[in-house]
Amino acid sequence: MFSTIYKYELKHWVKQPAIYIYAIFFLLFSWAAGTGNSEPPEASWSGRMLDSSIELFKTIGFFDTFIALLLPAILGLTIYRDYRSNMHQILYAYPFEKRDYLFAKYLSGLTASFGVVSMIGLGVYISSFMSWINPESVFGFNLRRYGQIFGVFVLPNILLVGTIVFVVVGVTRNIYAGFIAVIIWVLLRESLGNIFSPMDYPTISAILDSSGKNSIDFYTNYWTVAERNANLLPLHGLVLWNRVFWMVIAAVIFTSFYRKFSFSQNADFGLRLVTLFQIFKPKTNSLKGNDKLSPNRKIQKINLSEVSFDFSLFQQLKTTWYLTKADFKYIVKHPPFVLLIIAGFFTVIFMVSKGMMRWDTSSLPLTRIMLDLPLSMFSAVINIVTFLYAGLLINRGRMAFSNQLIDITPTPNWVLFFSKFIAIILIQITLLSLIMFGGILTQFFKGYYEFEIGQYIIELFGVNLIHFIIWAMLAMLIQSLFTNPYLGFFICLLAPVGFIGLADLGPKMGLPLLESGIFRYNQGLGSMFGLPYSDLDGYGGLLSPYFAYKFYWFLGGSLLMGGAMTLWIRGLPHSFSERLSIAKSRFSGKLALAFSLFLISFLGMGFTLYYQETIPREYYSHQEKMDLLVAAEKKYKRYQNIISPHIVSVKMNMDLYPKERHFDGSGKYILVNHSEEIIDTIVLNYKSQLNQTYDFECEYEFVSQEEIGNMAHFDIVKLKEGLKPNDTLKMTFQMKSMPQNWFHINNRVKYNGTYINDEICPRFGYWLGYLREEIGMNYDIKMPHPTDTLAIKELELRKDSKMIDFEAIVSTSDDQIAISPGALLREWAEKNRRYFHYKTETKISHSFLFMSGEFDVAKDKWRNIDLEVYYRKGHEYNVQRMMDGMKAGLEFCNDNFSPYQFNQLKIVEFAQTGGVSAHGFPGVLPSGEGAGFTADLDGHKHEGVDWAFGTAVHEVAHQWWGHQVRAASAQGSKMIAESMAEYVNVCVKHKVKGKKEVRKYIKHEMDHYLQKRAREWGTEQPLMYTHPDQNYIHYPKGTVTFYALKEYLGQEKLNQAIGKFVKKVAFREEGFTTTPEMMNYIREATPDSLKYIIKDWFETVTLYDSKIVDAKISPLKNGQFQIDLDFQVSKYRSEDKGIKVFEDEKGASISYHDTDKDETIQSLPLADYIEIGILNGDKELYLKKHKVTQIKNQISLIVDEYPTEVGIDIFGLLIDVKRADNLKKF
Amino acid sequence: MNLTINNLTKIYKNGVKAVDNLSLEIGTGMFGLLGPNGAGKSTLMRTIATLQSADTGNINFNGINIFEDKMSLRKILGYLPQEFGVYPKVSALNLLDYFATLKGIASKKERQKLIDETLEITNLYDARKKHVSTYSGGMKQRFGIAQMLLNNPQLIIVDEPTAGLDPAERNRFLNILREIGTNNTVIFSTHIVDDVKELCTDMAIMNGGKVLKHITPTKATNELRGQIWTKTISRNNLENTENQFEVLSSSYNPDNSINVRVNSKMKPSEGFSIAEVGLEDVYFLALRGE
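Predicted model only: the values in this text are computed from it and were never measured. (Residues numbered from 1 in each chain as written. Chains lettered and ligands numbered in written order. Predicted model: local features only at pLDDT ≥ 70, side-chain atom pairs only at ≥ 80, totals over all residues.)

1. Description of the overall build of chain A
Helices and strands together make up the secondary structure of chain A, namely 36 helices and 32 strands. Taken over C-alpha atoms, the radius of gyration comes to 35 Å for chain A, in line with the 33 Å a tight globule of 1226 residues would show. Judged by the C-alpha coordinates and their principal axes, chain A covers about 115 × 90 × 60 Å. Among the 1226 residues that make up chain A, the fraction classed as buried is 43%. A separation threshold of at least 6 residues defines the contact pool for chain A, and within that pool the share at least 24 residues apart is 75%. (Helix = DSSP H or I, 4+ residues; strand = E, 2+ residues; numbered from the N terminus. Rg over C-alpha atoms; globule rule 2.2 N^0.38 Å. Buried ≥ 20, exposed ≤ 12 C-beta atoms within 10 Å, placed from the backbone. Contact = placed C-beta atoms within 7 Å.)

This is the structure:
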């Protein structure tokens, strides 16, 4: 019997057109995802294989949620079908066992689902043949790789979610409950992921993530490129447990359903669940027994009272609202929806209660964060619910078989149509309100009482609601078009992805036009959803272009609605062609007129937007920009080493107009020829879109002038009379922000919290690299090696300047304060504007900025230095910590290295719409509002790193490391700037906050480094030779390395060496310093026994692989404890793409054969000091560096107390990918 | 009040001619549309009820061309389809209010009053707060009538309403229809001849999309008076009898003998006796005559 039903069901699916549409869509979208993931062709290929196991896992994993949402339409429908058609009344009387019936249904549904989903594999495979895919980056089909993913992940995941869907639909006999169950499931997964994040609970999160992704990440996070390319997925340990855990859950769910399932006509045990929700409705409304009236009762004469009928427009609008309410109530009372609301609410709470995390510290529960966090994820839920309920409402009459009764009433189509549409909008509003309630509740419980209800309402309903409405418009069309609401739902679901895919693939297939916002439904401004918001700058002038696009797509959506209305099913059309002919006949009169009006407005708006996108400020697609830049690089390459005059003095006049978001500036350069040659050609760059003009105080002519793709100008100027060595040339320049309109808002000047740096001023020399960075091209113009004698003639940051005198008069509106480097000479008011005259006390690096905002100012003093923090009123939480950070940083650097060069130091807040980072300018430290000002550091449970303090210290340290000690333009320059600033930070933290916080920080940094190095597609440089774009080296690795160095050499010794170095090289104006020069000072301070450190930590990439094989504690008679430790140490160099090398340059290597496991462990020769520690809680019972010369080691130690933990390199000073086996807990 | 159907044709995509060049005129009162299953009754009724389109022909009611002005017809139309469902978990009261609004009654008070009246008429008043989805078959049909009456309709179309009702329910149902039919045009399709006999002032017999006969029930039975003969025969003789005579219908007796009814101007043979003419005879004769 089983096979009969199974085959029958399968045949049914094979005949369903919907199945093929699902399959085609999966094929298409996976194909697009596959090609979207592509690598650039040959030359700049990174070495990443596109179809390695881990990459395939990622690409296919992208479809996880789509697959889950497909399952109700197949596995849910398979059981719902019999209820819907009332077949169950007949079927359940048939002589088959429920075992046969249920399993056949279930397995046939699974088979069909898996068939559809397997198209993903095919799509991804086909995508690898596309012309724009570099064939070298593809292995080709491999059954094991695909089999692993589909067999171990995709199929079990279908099984799990499919079981839930099958059971929910089986119990409730309602297919929508199946869909909602999936949404709730996704929300639940999200909440679990929030509570047990992989960072805090790696093991738990690996088990709890039902997709299996976290468990894979657990093992592969630190994989290098070589490992990623070569390895299959790790199917052991947590991955296996994860799979087993969820399969057991699926089995339990299915079995309990199976045991309770009976062939009954009414959903009896389902009802029991449903009645849970009827607590709200005290009396049961179901009718039992017959009606008691006597059948022969006489009928009185039918004499219905006269009523008046009203078919006026006003009444029809009222009817629309009446119907809207009816539909809305129907959905809101629907138990699955109630569950969804509850689940959604908790998801919001879990999401926002942690706040915006940075490292281990959360932000304050600011309104913008309460909104930002859940909106991004919740927007997907709102869309899914919209698509689902659009189908449900449009087909509601038909589903209940009451469509004939409704359709013969004199209510026009548009009333019915709009009532559904408005009901959906009400649902959207309900869901958006959850965010508001969740946010306010969280704020309340966190003791944050500044409820900005207005901001909630503006953001949710003013800014974002329209976004969802426009999607609802599309859903109305799709769901009106398809009579199968599940298919319609699925197509709606893929539509947003499809529009992104189109924009992505368009340029690849030679249609760059498709990149434009006017072709991407409900998008524009490049982003899918939402607007960045700042407490200082608000929406930063983005509202008008945002609403311009939203208006445009609203018009577009209205056209779709028009289409949907003509396709609206009224009565019983029997074929699609009849529907079309009805649509044609409906498309007349007012509808046609309205449609034409909307069409004209839509096209007009489209042209306007396209014009604004492209014409007033010439538009270049991303591809065009890249091509133009490459062409310019080729063309101007010969100027790469041109000698430019140096800027020695900058005087600026800068007028900022915050309300108008506009600036008007002018400047004077004094240039000196510091070379020994006559300079007759000057190469000059400046930014596009600043209306710049310039003039030299001498006779000159242009050799060429070019604007490169709307990014920058590249001019070549010939001086009539060459500039002789040491001669001076004056230059003036003016610049102005571009004229604004509703579409183009100048974003450099903010309403509040402006931060503009020196990049707006002209630069000299060949300087195109930064453009690559700006447009996100890989920065493969690598720095020269520090031994390159030419290189060290130039500064890392500015090749056209060494030191400058700086002076600026900055003006702003009368309610704001303007800031620039230097001491404030004078401040005055004039014509409702405030003027500030700044001049630096000493020469500074060519690094300056202009800031303006409505600030409160905190003032303090350290020794004779004036300290100030400028912050937005309301952001005072961490100002004191910043002040403390400035003092601590100044004290450490001043006492250990050299005196501070200015008389004042300021931290100034800027709007986060201008970035979230902090920077160190001479005497001014601009700091994004999210970078410390709004961190929740006061919370009584806060144990995280105090990074308001830390960031201040780091940026203060740059006054030395960057402004006093200035690295040459060579590899390793960032070690001198960033690693050293971090070193200062760690030392100060150690002193002020104690060992514990530092160790936490170090652990975090190490993890950060190990994860990021795994993503390095190029070559991981040694710390000394780090490239400027290898942030993961000079920040986290630098931090850990210098901290370890301090622990090995002693802080005093190391600081003396560094201090000597600083005094030697500070304020150098030629022969800028390099890492080898710095390492000489450190080497000098290093005893011979530790000299290997310099090689291992700085000159090469060297990793350890140590582990405890065994640790035994035996109590001694005298009350002490003996620990017998058996451990292994191995060391290797990590070379190109993470390949491990165990031989040193001389070919020496050691090895050890572990007879128990029959494996041979290799290592570089060892004479290394490894810290062995024994702890009792936080108490250090034993901590000493032991010299290790062999791989296999045994040691016995005696301590006074019973230990809780033993560790090899217990605090993680050395780099070891597998840290866990270095520790043993008791 | 007058419904005129002219040359109506409807062919489905699968080639079935559901309505075949049909013309019909229907006046005030109960009009019975009699025909076997698949005769095209429902298609015709749904077409009149503005739910379906026709390929050719037109339908007029009181000067309204219903293909061109569906809305005007809908304002005065009451329709009870052969099968209908209701929104689950909604009480009769709320559902009727819903329909009354759809039918254009703006005032809430008037809606309430009218709803109470229709509930009274259909004997549903006591069950008005119960969910309609839990009603028995007869109650649901009466609910169908209640919603139908909400706009005081002038043209009422009822598609096989008595199928599946128990005799008492059927009785009650027909009584209500009769009441409504006195002043309005009621088109009532059925394949149960008795329904028509008890109720209709005019009727048509339909099959294969065509009207086979359009006549009043009384006239129809009068026409056949003296032509219908009956005889009780044994089972084995049935085939023989059918070959010899124009057998309109046959029915078993408890003793397994068979009563046959035969159409003949004269006494067909020995053993036949003259029978009272029933509407069935008209019906079967019309179907035979195709």
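There is more to say, and it comes next.
2. With respect to the overall build of chain B
Assigned secondary structure in chain B consists of 10 helices and 14 strands. Its C-alpha atoms give chain B principal-axis dimensions of roughly 70 × 45 × 35 Å. Relative to its full complement of 290 residues, chain B shows a buried share of 47%. Of the contacts formed within chain B by residues at least 6 apart in sequence, a portion of 68% connects residues at least 24 apart.

3. Structural notes on the pairing of strand S16 (residues 849-853) of chain A
Residues and elements named next belong to chain A. Summarising burial for S16: 5 of the 5 residues are buried, a large majority. Going residue by residue along S16, you find Leu-849, Met-851 and Gly-853 tucked away on one face and Phe-850 and Ser-852 tucked away on the opposite face as well. Relative to S16, strand S10 (residues 754-757) is paired through 4 bridges, and the arrangement is antiparallel. What sits directly across from Ile-756, in S16, is Phe-850. (Pairing = 2+ DSSP bridges.)

4. Some points on the nonpolar core
General note: in soluble globular proteins, nonpolar side chains tend to be found buried as a group. Residue and element names in this part refer to chain A. If you look at the biggest cluster of nonpolar residues, it comprises 140 residues, and the most contacted ones within it are Leu-71, Val-165, Val-182, Ile-183, Ala-472 and Met-476. Split by domain, the residues of this core number at least three in each of domain 1 (2-263) and domain 2 (313-614). Once you skip the residues sitting within four places of it in the chain, Val-182 turns out to touch Ala-68, Leu-69, Leu-71, Pro-72, Val-161 and Val-165. Of all hydrophobic cores here, the second largest spans 137 residues; its members include Ile-804, Phe-848, Val-879 and Cys-987. (Core = buried A, V, L, I, M, F, W, Y, C linked by C-beta atoms within 7 Å. Domains from an automatic or database assignment.)

5. Here's the deal with the domain arrangement of chain B
A common measure of how large an interface is: the accessible area buried when the components associate. Residues and elements named next belong to chain B. Each domain of chain B was delimited in the assignment, giving domain 1 (3-215) and domain 2 (222-288). Centre-to-centre, using C-alpha coordinates, domain 1 lies 34 Å away from domain 2. Facing the 8 residues of domain 1 at the interface are 5 residues of domain 2. Elements that contribute at least two residues to the side of domain 1 that touches domain 2 include exactly helix H7 (193-199), strand S9 (202-207) and strand S10 (210-215). Take the side of domain 1 that touches domain 2: its biggest share by element is 3 residues, from H7. Among the residues forming the side of domain 1 that touches domain 2, the class breakdown is 5 nonpolar, 1 polar and 2 charged. (Nonpolar A, V, L, I, M, F, W, Y, C, P; charged D, E, K, R; others polar.)

6. Considerations on the environment of Gly-709 of chain A
Residues and elements named next belong to chain A. Note that Gly-709 resides in the loop between strand S7 (700-708) and strand S8 (712-723). On a C-alpha basis, the gap between Gly-709 and Tyr-620 in space is 6.3 Å, while along the polypeptide they are 89 residues apart. Among all residues touching Gly-709, those that are not within four sequence positions of it are Tyr-620, Glu-624, Lys-625, Leu-628 and Leu-629.

7. Looking at the interface of chain B and chain A
Each partner contributes to the interface: chain B provides 56 residues, whereas chain A provides 39 residues. Contributions of two or more residues to the side of chain B that touches chain A are made by helix H2 (70-75), strand S6 (77-80), helix H3 (92-102), helix H4 (108-121), helix H5 (137-149) and helix H6 (167-181) of chain B. If one sorts the elements of the side of chain B that touches chain A by residue count, H6 of chain B sits on top with 8 residues.

8. Focus on the sheet that holds strand S22 (residues 1107-1115) of chain A
All names here are of chain A. If you trace the 3 strands from one edge of the open sheet to the other, you get S22-S23-S30, paired in antiparallel fashion. Each edge of the open sheet is held by one strand with a lone partner, namely S22 and strand S30 (1192-1199). Between one strand axis and the next, the sheet turns by 15° as a mean value, whatever way the strands run. Pairing analysis gives 8 bridges linking S22 to strand S23 (residues 1121-1128), with the strands arranged antiparallel. Its bridge partner lying in S23, Ser-1114 is registered against Gln-1122. (Axes fitted to C-alpha atoms, helices over the stretch in contact; angles between N-to-C directions.)

9. Examining the packing of helix H20 (residues 413-445) of chain A against helix H21 (residues 453-481) of chain A
Residue and element names in this part refer to chain A. At a minimum axis distance of 9 Å, the contact between H20 and H21 shows a crossing angle of 145°. For the pair H20 and H21, the crossing hand works out as right-handed. Residues Phe-421, Ile-424, Ile-425, Gln-428, Ile-429, Leu-432, Ile-435, Met-436 and Gly-439 of H20 form the contact with H21, whose participating residues are Tyr-456, Leu-460, Phe-461, Asn-464, Leu-465, Phe-468, Ile-469, Ala-472 and Met-476. Of the residues belonging to the contact of H20 with H21, the class tally is 15 nonpolar, 3 polar and no charged. (Left-handed = near helix turned anticlockwise from the far one by under 90°.)

10. Thoughts on the confidence of the model for chain A
All names here are of chain A. Across chain A, the average pLDDT comes to 88, with 94% of residues at or above 70. Across chain A, strand S15 (residues 833-839) holds the top mean pLDDT of 97, while helix H14 (residues 268-275) sits lowest at 46. Across residues 268-296, confidence stays below pLDDT 50; counting only partners more than four residues off in sequence or on other chains, it has 29 contacts. (pLDDT = per-residue confidence, 0-100.)

11. Notes on the sheet that holds S10 of chain A
Residue and element names in this part refer to chain A. Taken in spatial order, the 3 strands make up an open sheet running S10-S16-S13, and their pairing is antiparallel. The sheet is open, and its two edges are formed by S10 and strand S13 (817-819), each paired on a single side. The sheet shows a mean angle of 10° between the axes of neighbouring strands, direction not considered. Where S13 and S16 come together, 3 bridges link them in antiparallel fashion. Residue pairing for S16: Ile-817 is matched across the bridge by Gly-853.

12. Some thoughts on the domain arrangement of chain A
Residues and elements named next belong to chain A. Structurally, chain A comprises domain 1 (2-263), domain 2 (313-614), domain 3 (637-777 + 799-844), domain 4 (856-941), domain 5 (962-1100) and domain 6 (1101-1226). Summarising the inter-unit geometry, the C-alpha centres of domain 1 and domain 6 are found 42 Å apart. Counting residues at the interface gives 6 residues for domain 1, matched by 4 residues for domain 6. For the side of domain 1 that touches domain 6, the residue count by class is 3 nonpolar, 2 polar and 1 charged.

13. Considerations on the pairing of strand S5 (residues 679-687) of chain A
Residue and element names in this part refer to chain A. Examined bridge by bridge, S5 and S8 share 8 bridges and lie antiparallel to one another. Residue pairing across strands places Tyr-686 opposite His-713, the latter belonging to S8. With 2 bridges joining them, S5 and strand S11 (residues 763-764) adopt antiparallel strand pairing. What sits directly across from Asn-685, in S11, is Arg-763.

14. Focus on helix H13 (residues 237-260) of chain A
Residue and element names in this part refer to chain A. Here H13 contains 24 residues, and its C-alpha end-to-end distance of 35 Å stays within 8% of the 34 Å for a straight helix at 1.5 Å per residue. Looking at H13, one finds that the buried residues are Leu-238, Val-239, Asn-242, Arg-243, Trp-246, Ala-250 and Phe-254. Considering only its buried residues, H13 is in contact with helix H8 (143-172), helix H10 (202-208) and helix H11 (213-220). (Expected span 1.5 Å × (residues − 1).)

15. Some remarks on the confidence of the model for chain B
Residues at a pLDDT of 70 or more form 100% of chain B, whose mean pLDDT is 89. Among the scores for the predicted complex, ipTM is 0.93 and pTM is 0.88.

16. Thoughts on unusual backbone geometry
A negative phi angle characterises most non-glycine residues, just as the trans form characterises most peptide bonds. The phi dihedral of Asp-1209 of chain A falls on the positive side, at around 50°, and the residue is not glycine. The residue Asp-1209 of chain A is located in the loop between strand S31 (1205-1208) and strand S32 (1223-1225) in this model. Classification of Asp-1209 of chain A as buried rests on a count of 24 C-beta atoms within 10 Å. Phi at Thr-50 of chain B is positive, roughly 65°, even though this residue is not glycine. In this structure, Thr-50 of chain B sits in the loop between helix H1 (41-48) and strand S4 (56-61).

17. Details of the environment of Thr-693 of chain A
Residues and elements named next belong to chain A. Secondary-structure assignment places Thr-693 in strand S6 (residues 693-696). Sequence-wise, Thr-693 and Met-735 are 42 residues apart; in three dimensions their C-alpha atoms are separated by 6.6 Å. Ignoring any residue separated from it by four or fewer positions in sequence, one finds Thr-693 in contact with Phe-733 and Gln-734.

18. Some details on the environment of Gln-964 of chain A
Residues and elements named next belong to chain A. Among the structural elements, Gln-964 can be located in the loop between helix H30 (947-957) and helix H31 (973-993). Here Gln-964 falls in the buried class, since 21 other C-beta atoms lie within 10 Å of it. In this structure, the C-alpha to C-alpha distance between Gln-964 and Ile-408, residues 556 residues apart in sequence, is 86 Å. With sequence-adjacent residues up to four places away left out, Gln-964 is seen in contact with Ser-898, Gln-901, Gln-959, Val-1062, Ala-1066 and Phe-1067.

19. Observations regarding the packing of helix H6 (residues 98-117) of chain A against H8 of chain A
Residues and elements named next belong to chain A. Running from amino to carboxyl end, H6 crosses H8 at an angle of 135°, the nearest separation of the two axes being 10 Å. Relative to H8, H6 is oriented oblique. Both H6 and H8 take part in a crossing whose hand is right-handed. Residues Tyr-106, Gly-109, Leu-110, Ser-113, Phe-114 and Val-117 of H6 touch H8, and the partners they reach there are Val-154, Leu-155, Ile-158, Leu-159, Gly-162 and Phe-166. In the contact of H6 with H8, the residues fall into 9 nonpolar, 3 polar and no charged. (Parallel < 35°, antiparallel > 145°, perpendicular 65-115°, else oblique.)

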